[in-house]
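Here's the letter readout for the chains.
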Amino acid sequence: MLILGIETSCDETAAAVVRDGREILSNVVVSQIDIFAEYGGVIPEVAARSHLEVMLPVIDKALSDASCTWEEIDAIAVTHAPGLLGSLLIGTLTARTLAILHSKPLYAVHHLKSHVYANWLSSDVEIAFPVLALVVSGGHTQILHMPAHNQFEIVGTTRDDAVGECFDKVAKILGLPYPGGPSIANAAIGHNADKYKFPHPKVEGLDFSFSGLKTAVLRSVQQELGLPISHPSHDLKNHLNPEQVADFAASFQKTAVEILCEKLALAQIQYPEVKSVAVAGGVSANQELRIALPNAHFPSPALSGDNGAMVAAACYYEIKSGVKPIDPYSLNIYPRVSIEA
Ligand code: KG4
Ligand code: ZN
């Protein structure tokens, strides 16, 4: 079964053709990072307009890279939530129009489910169920219990910021470029991760909290520089030297990874029957997290971030589980406000 997957939830315009949920025939991703690096973050209206400009060429390229015609495509899958509303609308409206035009069944796929399924794209080994999935992205930090394909229960979630968002905000304080995750990881290489100590949040159960860690870094930077807590955070970077930036990056990264691993270990105690752990989402590209979880499954780094292949893979397992396509003439493809997995 050949599925065309379309993804536009944030600042990547992506389309891919995947066979039977595993074999990637093409995977085209056009990133808007260059545009948003200048602003230090995503501007939703600009993102939506950029998706509109490249959406159709990206889909054309996905089909031609896969040497595949519209007749050969069995279904169209599109991210419908969660994400930036304007961005999601471009993807969902495009998918809906193409489904009507080419008479294809249309599936609306949840973004976090897609991230989890990136693991099935990358790995040759079978991932044994039940699975605990640690989803770590720019917008979410969740632990999902997955007893079988296409069955998800949220057992832990962040009460405030997502871990990726925390990387991005700390990078901003340190004057490192957007997106913050890779910038912090690069700056940290070979530097002292024990120089600065940050507390771990005391959140009961499997829930996370990352806004306190961001504030702890801010206070620690102000203290290191001998500046008052009223000193504006956007100016701190002008006072830090490169050594301090690198040590703050390394110390922050170490703490963020420790917090994720502690909660995951707790989840494994609470769900002793779990046979595999799968990590997913943009932050799963992080090398220190990969080193800290040697027995977990990870997507290949290229599939950690947003892409269309993971959408097609998730859709394949939805179809296998008996999920029916949606009516492309109906309104239920439009992004929903709900963020449930
Ligand atoms: O999954 P994703 O591409 O988009 C969302 O669904 O949010 O995740 C983007 C997030 C950003 O916060 C980015 O800083 C973070 O993933 N990220 C990383 C790394 N690469 C991307 N965080 C830590 N280390 C990385 N190497
Ligand atoms: Zn994502």
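About the criteria used
- Residues numbered from 1 in each chain as written.
- Chains lettered and ligands numbered in written order.
- Predicted model: local features only at pLDDT ≥ 70, side-chain atom pairs only at ≥ 80, totals over all residues.
- Heavy atoms only, no water.
- Helix = DSSP H or I, 4+ residues; strand = E, 2+ residues; numbered from the N terminus.
- Buried < 20%, exposed > 50% of the residue type's maximum accessible area, 1.4 Å probe, protein only.
- Contact = heavy atoms within 4.5 Å.
- Phe/Tyr/Trp six-rings, centres within 6.5 Å; stacked < 30°, edge-to-face > 60°.
- Pairing = 2+ DSSP bridges.
- Axes fitted to C-alpha atoms, helices over the stretch in contact; angles between N-to-C directions.
- Domains from an automatic or database assignment.
- Buried area = accessible area lost by both parts, 1.4 Å probe.
- Salt bridge = Lys/Arg side-chain N within 4 Å of Asp/Glu carboxyl O.
- Polar contact = N/O pair within 3.5 Å; in protein donor to acceptor, adjacent residues only side chain to side chain.
- Nonpolar A, V, L, I, M, F, W, Y, C, P; charged D, E, K, R; others polar.
- Near = heavy atom within 4 Å.
- Areas by Shrake-Rupley, 256 points an atom, 1.4 Å probe, with all protein chains shown as cover.
- Donors = N, O, S within 2.8 Å, 3.2 Å for Na, K, Ca; no water.

A.B. asks: Requested: an account of the overall build of the chain, with residues and values cited.
C.D. replies: Helix and strand content of the chain: 10 helices and nine strands. Each of the three principal axes of the chain carries a C-alpha extent, and together these read 65 × 45 × 35 Å. Scored against the burial criterion, the 341 residues of the chain give a buried share of 55%. Within the chain, counting contacts between residues at least 6 apart in sequence, those at least 24 apart form 71% of the total.

A.B. asks: Describe the packing of aromatic side chains, listing the residues and the values that go with them.
C.D. replies: In the structure shown here, the tally under the stated rule is nine aromatic pairs. By way of ring pairs, the aromatic residues Tyr117, Trp120, Phe129, Phe152, Tyr316 and Tyr317 are connected into one cluster.

A.B. asks: Outline the sheet that holds strand β8 (residues 153-157), supporting the account with residue identities and numerical values.
C.D. replies: Read from one edge to the other, the open sheet built from four strands follows the order β8-β7-β6-β9, with strand pairing classed as mixed. In this open sheet, the two strands that pair with only one neighbour each are β8 and β9 (276-280). The average undirected angle you get between the axes of adjacent strands in this sheet is 20°. By the bridge criterion, six bridges tie strand β6 (residues 131-136) to strand β7 (residues 141-146) in an arrangement that is antiparallel. The residue of β7 that forms the bridge with Val135 is Gln142.

A.B. asks: Now, about the domain arrangement of the chain: what can you tell me, with residues and values included?
C.D. replies: Where interface size is given, it is often the accessible area lost as the parts come together that is meant. Domain annotation for the chain reports domain 1 (2-121 + 302-320) and domain 2 (131-298). Relative placement of domain 1 and domain 2: their C-alpha centres are 27 Å apart. Each side of the interface is counted separately: domain 1 has 20 residues, and domain 2 has 23 residues. Around 1,600 Å² of area is buried between domain 1 and domain 2 when both sides are counted, 67% of it from carbon and sulfur atoms. When residues of domain 1 are sorted by the area they lose upon contact with domain 2, Leu112, Asn119 and Ser304 head the list and together hold 33% of the total. Counting across the interface, domain 1 meets domain 2 through zero salt bridges. Applying the counting rule to domain 1 against domain 2 returns nine residue pairs in polar contact (both at pLDDT 80 or more). Mapped onto the side of domain 1 that touches domain 2, the elements with two or more residues apiece are α1 (33-37), α4 (111-122) and α10 (308-320). A per-element tally of the side of domain 1 that touches domain 2 places α4 first, with seven residues. Here the residues of the side of domain 1 that touches domain 2 sort into 11 nonpolar, six polar and three charged.

A.B. asks: Requested: an account of the environment of Glu153, with residues and values cited.
C.D. replies: Inspection of the secondary structure assignment puts Glu153 in strand β8. Linking Glu153 and Ala296, residues 143 residues apart in sequence, is a C-alpha distance of 19 Å. Excluding residues that lie within four positions of it along the chain, Glu153 makes contacts with Ile143, Leu144 and His145.

A.B. asks: Could you give an account of the site of ligand 1, with specific residues and numbers?
C.D. replies: Of all residues adjacent to ligand 1, which total 19 residues, the nearest are His115, Gly138, Asp168, Gly181 and Gly282. Gly138 has a polar backbone atom sitting 2.8 Å from an oxygen atom of ligand 1. Between ligand 1 and Asp168 there is a distance of 2.7 Å, counted from an oxygen atom to a side-chain nitrogen or oxygen. Burial of ligand 1 by the surrounding chains reaches 85%, relative to a free accessible area of 550 Å². Only α4, α5 (163-174) and α6 (180-188) provide two or more residues apiece to the shell around ligand 1. Each residue belonging to the shell around ligand 1 can be placed in one class, and the counts come to five nonpolar, 12 polar and two charged. Looking at the shell around ligand 1, you find at least three residues from each of domain 1 (2-121 + 302-320) and domain 2 (131-298).

A.B. asks: Residue-level account of the coordination of the zinc ion (ligand 2), with values.
C.D. replies: Taken together, the protein donors to the zinc ion (ligand 2) comprise His111 (NE2), His115 (NE2) and Asp306 (OD), at separations of 2.0 to 2.1 Å. Of note, the donors binding the zinc ion (ligand 2) are all from one chain and are spaced H-x3-H-x190-D. In this pair, His111 and His115 are both assigned in helix α4, four residues apart and thus about one turn of the helix distant.

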